[in-house]
Amino acid sequence: MSERILTELAESFGKLFMVGLKVSIPLTLAAFSTGLMIAFLVALVQITKIPVLKQLMRIYVWIIRGTPMIVQLFVVYFGLPNIGIRFSSFVSAWIVMSLSVGAYCSETVRAAIQSVPIGQLEACYCDGLSFWQAMIHVIVPQALRTAFPPLSNSIIGLVKDTSLAYNVALVEILATAQRIASRTYDYFWLYLEAGLIYLIFCSVLTVVQRKTEAWLERRR
Amino acid sequence: MYTLLNVNKKFGDNVVLKNVSLDVNQGDVVAILGPSGSGKTTLLRCAGYLTKADSGTLIMDDQQYDMKKISSRALRNYRRKVGFVFQTFNLYGNKTALGNVTLGLRVSQKMPKEQAEAIGKELLERVGLADRMDYYPSKLSGGQQQRVAIARALATNPEVVLFDEPTSALDPELTGEVLTVIKQLADEGRTMIVVTHEMEFARKVATRVVFMEDGEIVEENTAKEFFENPQKERTKEFIYKSTTWASVNQKDEEAAEALPQGE
Ligand SMILES: Nc1ncnc2c1ncn2[C@@H]1O[C@H](COP(=O)(O)OP(=O)(O)OP(=O)(O)O)[C@@H](O)[C@H]1O
Ligand SMILES: [Mg+2]
């Protein structure tokens, strides 16, 4: 490795890292929080067995799980404009990834909610709480604790999935590496570096996950 | 003062409650006895609006509540006046003992934190758990959990407290501490309806005993009369069986021992 490459990599490291902080991580967080809300709603519909809605949710989960995310991205970003609906790269990626999290995590969330004994919900009712108050104060906090390990695995998966948005012209980590490399032709080193950036972000998340799990464990 | 009127309930084709009526006076401790499957839990759950009755009326403080259909406002008002204690405690796993007692006050009654905690602390002291306020349920014994649950049911200072077999899920050596607390409430004049299999408890603490079978109240009397002078053949048989069974059963013996020694 020549000195030139070293200087180049040192320079690009900062760029890639900043793009990660400014684009990939916000996209991950936005998609994950929206997706979690969707997952929660889907789970509640399944648990309360609301007739028509329940079938619709099934179909939604079936479609999202049965098609590649990159195809979904293409449909939203390149396809929807044909019928007059236009979203930016970021928003397209946000929509698709949220829907994906919603579908994949709904089962996890459903199982976690149902793992809280139904008697606690009844106790809430006797305490004068409404269904939603019971959810917010008693059921969901415990469900999230149960669902925390699988959910944090999906958030880590999501960080890596943001690289797919490269294909819909989002200037994220991979696209930035690609741009630099197309000037210098050091594809090997720059793509390795892009990988390293993902590795760093995912490792940080793994550490946070472990710390949080230990903290949650102490609070019960 | 608290009346259940003509309660009916079916589960599919299974008729579980057949026009059950029960009248409870201020300060009464009503023990509901009866064989398994006779509908005791269902009656209590209907009274707590946890199971919808097919028909029936609750009367309390000159207020009538339809047991089949109730507005959420009327229900909130009713629930403030009625406490419920479950066989399986059902404490909130994400709240400390104190948090369990105060949640209803804070969320449903919108009571300020300090005020709710003052009430919670006082109640936990009364059930002998002053030193366990900050413990999560998983760190408490069954008996302690049930005492927290009793404190929680008392948070709104309800006019009636309903208990569904409060000691059945407990190890024999832990039933005494819970029964002692319930006895203490009885001595304070708290109106209670207690579904129980603890004959000694019914004999010593209840003012009245109701015997249920097949969804009907078969016999109803003062506790003394009920045990000393049962009217129906079925009741005699039940008392005979339960007491002979109890004499060879450590669980009831210990409960009986624990009672007179209550603080
Ligand atoms: N949710 C339910 N769905 C269908 N049947 C039920 C349900 N709950 C209770 N039952 C039936 O209703 C009848 C009365 O049950 P209940 O639990 O009220 O009896 P119990 O007197 O409390 O008995 P135990 O002493 O065993 O607690 C039983 O035949 C039971 O199978
Ligand atoms: Mg029962």
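Enquirer: It is not clear to me how the overall build of chain A should be interpreted in this structure. Could you clarify?
Expert: Looking only at helices and strands, one finds eight helices and zero strands in chain A. Ordered by position in the sequence, the α and β elements of chain A form the string α-α-α-α-α-α-α-α. Considered along the principal axes of its C-alpha atoms, chain A spans approximately 70 × 50 × 25 Å. The proportion of buried residues among the 220 residues of chain A is 43%. Residue pairs in contact within chain A that sit at least 24 positions apart in sequence constitute 76% of those at least 6 positions apart.

Enquirer: Which parts of the structure should I look at to understand the packing of aromatic side chains?
Expert: The description of two aromatic rings rests on the distance between their centres and on the angle between their planes. Counted according to the given criterion, the structure contains 14 aromatic pairs over all chains. Ring geometry for A:Phe17 against A:Phe201: centres 5.2 Å apart, planes inclined by 20°, an arrangement best described as stacked. Of this pair, A:Phe17 sits in helix H1 (residues 3–48) while A:Phe201 sits in helix H8 (residues 187–218), and the two are 184 residues apart along the sequence. You can call A:Phe17 partly exposed: its relative accessible area is 27%. By relative accessible area, which is 9% here, A:Phe201 ends up buried. When the centroid spacing of 5.3 Å and the interplanar angle of 80° are considered together, the rings of B:Tyr49 and B:Tyr78 count as edge-to-face. Of the two residues, B:Tyr49 sits in the loop between helix H1 (40–47) and strand E4 (55–60) while B:Tyr78 sits in helix H2 (residues 72–81), which places them 29 residues apart along the sequence.

Enquirer: Even after reading the chapter, I still don't get the nonpolar core, so can you show me in this structure?
Expert: Within soluble globular proteins, side chains that are nonpolar generally end up buried alongside one another. In terms of nonpolar packing, the biggest core is built from 90 residues, with B:Tyr2, B:Ile32, B:Tyr78, B:Leu162 and B:Ile193 touching the most fellow members. Among the elements that make up this core, the one with the highest residue count is H1(A) (13 residues).

Enquirer: Whenever I open this one, the side chain of B:Arg208 confuses me. Can you help?
Expert: Residue and element names in this part refer to chain B. As for its placement among the helices and strands, Arg208 is situated in strand E9 (residues 208–213). Assessed through its relative accessible area of 14%, Arg208 is described here as buried. Of note is the side chain of Arg208, whose polar atom sits 2.9 Å from the side chain of Asp28. A polar contact is formed between the side chain of Arg208 and the side chain of Glu220, at a distance of 2.4 Å.

Enquirer: Is there a simple way to explain the interface of chain A and chain B in this structure?
Expert: Interface size is commonly expressed as the accessible surface area that is lost when the partners come together. With 17 residues of chain A at the interface, the matching set in chain B holds 22 residues. Overall, the association of chain A and chain B removes approximately 1800 Å² of surface from exposure, summing both partners, and the carbon and sulfur fraction of that is 54%. Area buried by chain A at its contact with chain B is led by A:Cys126, A:Asp127 and A:Arg220, which between them contribute 31% of it. Linking chain A to chain B there are one salt bridge. Among the ionic pairs, A:Glu122 bridges to B:Arg45, the shortest N-O distance being 2.7 Å. Viewed at the interface, chain B and chain A are joined by 11 residue pairs in polar contact (both at pLDDT 80 or more). Only helix H5 (118–126) and helix H6 (131–161) of chain A provide two or more residues apiece to the side of chain A that touches chain B. If one sorts the elements of the side of chain A that touches chain B by residue count, H5(A) sits on top with seven residues. Here the residues of the side of chain A that touches chain B sort into seven nonpolar, six polar and four charged.

Enquirer: Is there a simple way to explain the side chain of B:Gln146 in this structure?
Expert: Residue and element names in this part refer to chain B. Structurally, the position occupied by Gln146 is in helix H5 (residues 142–153). You can call Gln146 buried: its relative accessible area is 0%. Once residues within four sequence positions are removed from consideration, Gln146 is found in contact with Val85, Phe86, Gln87, Phe89, Pro166 and Val178.

Enquirer: It is not clear to me how the site of ligand 1 should be interpreted in this structure. Could you clarify?
Expert: Residue and element names in this part refer to chain B. Taken together, 13 residues surround ligand 1, and among them Ser36, Gly37, Lys40, Thr41 and Thr42 come closest. The contact in question runs from an oxygen atom of ligand 1 to an N or O atom on the side chain of Thr42, over 2.5 Å. Broken down by element, the residue count for the shell around ligand 1 peaks at three residues, all from H1.

Enquirer: Can you help me understand the sheet that holds E4(B) in this one?
Expert: Sheets are built from strands that pair by backbone hydrogen bonding, the pairs being arranged parallel or antiparallel. Residues and elements named next belong to chain B. Read across the sheet, four strands follow the order E2-E1-E4-E5 without closing on themselves; strand pairing throughout is antiparallel. Bordering the open sheet on either side are strand E2 (14–24) and strand E5 (63–66), each of which pairs with just one other strand. Within this sheet the neighbouring strands show an average axis-to-axis angle of 15°, counted without direction. Where strand E1 (residues 2–11) and E2 come together, seven bridges link them in antiparallel fashion. Of the residues in E2, the one forming a bridge with Val7 is Val20. Here H1 sits on the sheet in contact with E1, E2 and E4, set at roughly 120° to E1. Against the sheet, H2 touches E1, E4 and E5, its axis set at about 115° to E5.

Enquirer: For this particular structure, what's the right way to read the confidence of the model for chain B?
Expert: Note: predicted coordinates in regions of low pLDDT should not be interpreted at a detailed level. Averaged over every residue, the pLDDT of chain B is 89; the share at 70 or more is 92%. Interface confidence for the predicted complex, given as ipTM, is 0.89, next to a pTM of 0.84.

Enquirer: Just checking my understanding: could you explain unusual backbone geometry for this structure?
Expert: Residues and elements named next belong to chain B. Here the phi dihedral of Phe89 falls at roughly 65°; this positive angle occurs in a residue that is not glycine. Mapped onto the elements, Phe89 comes out in the loop between strand E6 (82–85) and helix H3 (97–108). A residue is classified by how much of its surface remains accessible, and Phe89, at 10% relative accessible area, is buried. The backbone of Glu165 shows a phi angle near 40°, a positive value even though the residue is not glycine. Its place among the elements puts Glu165 in the loop between strand E7 (160–164) and helix H6 (172–187).

Enquirer: Where do I start with the environment of A:Leu16 in this structure?
Expert: Residues and elements named next belong to chain A. The residue Leu16 is located in helix H1 in this model. Residues Leu16 and Thr28, spaced 12 residues apart in sequence, show a C-alpha to C-alpha distance of 16 Å. Excluding residues that lie within four positions of it along the chain, Leu16 makes contacts with Ile173, Thr176, Ala177, Leu190, Glu193, Ala194 and Ile197.

The rules behind each value
Residues numbered from 1 in each chain as written. Chains lettered and ligands numbered in written order. Predicted model: local features only at pLDDT ≥ 70, side-chain atom pairs only at ≥ 80, totals over all residues. Heavy atoms only, no water. Helix = DSSP H or I, 4+ residues; strand = E, 2+ residues; numbered from the N terminus. Buried < 20%, exposed > 50% of the residue type's maximum accessible area, 1.4 Å probe, protein only. Contact = heavy atoms within 4.5 Å. Phe/Tyr/Trp six-rings, centres within 6.5 Å; stacked < 30°, edge-to-face > 60°. Core = buried A, V, L, I, M, F, W, Y, C linked by side-chain atoms within 4.5 Å. Polar contact = N/O pair within 3.5 Å; in protein donor to acceptor, adjacent residues only side chain to side chain. Buried area = accessible area lost by both parts, 1.4 Å probe. Salt bridge = Lys/Arg side-chain N within 4 Å of Asp/Glu carboxyl O. Nonpolar A, V, L, I, M, F, W, Y, C, P; charged D, E, K, R; others polar. Near = heavy atom within 4 Å. Pairing = 2+ DSSP bridges. Axes fitted to C-alpha atoms, helices over the stretch in contact; angles between N-to-C directions. pLDDT = per-residue confidence, 0-100.

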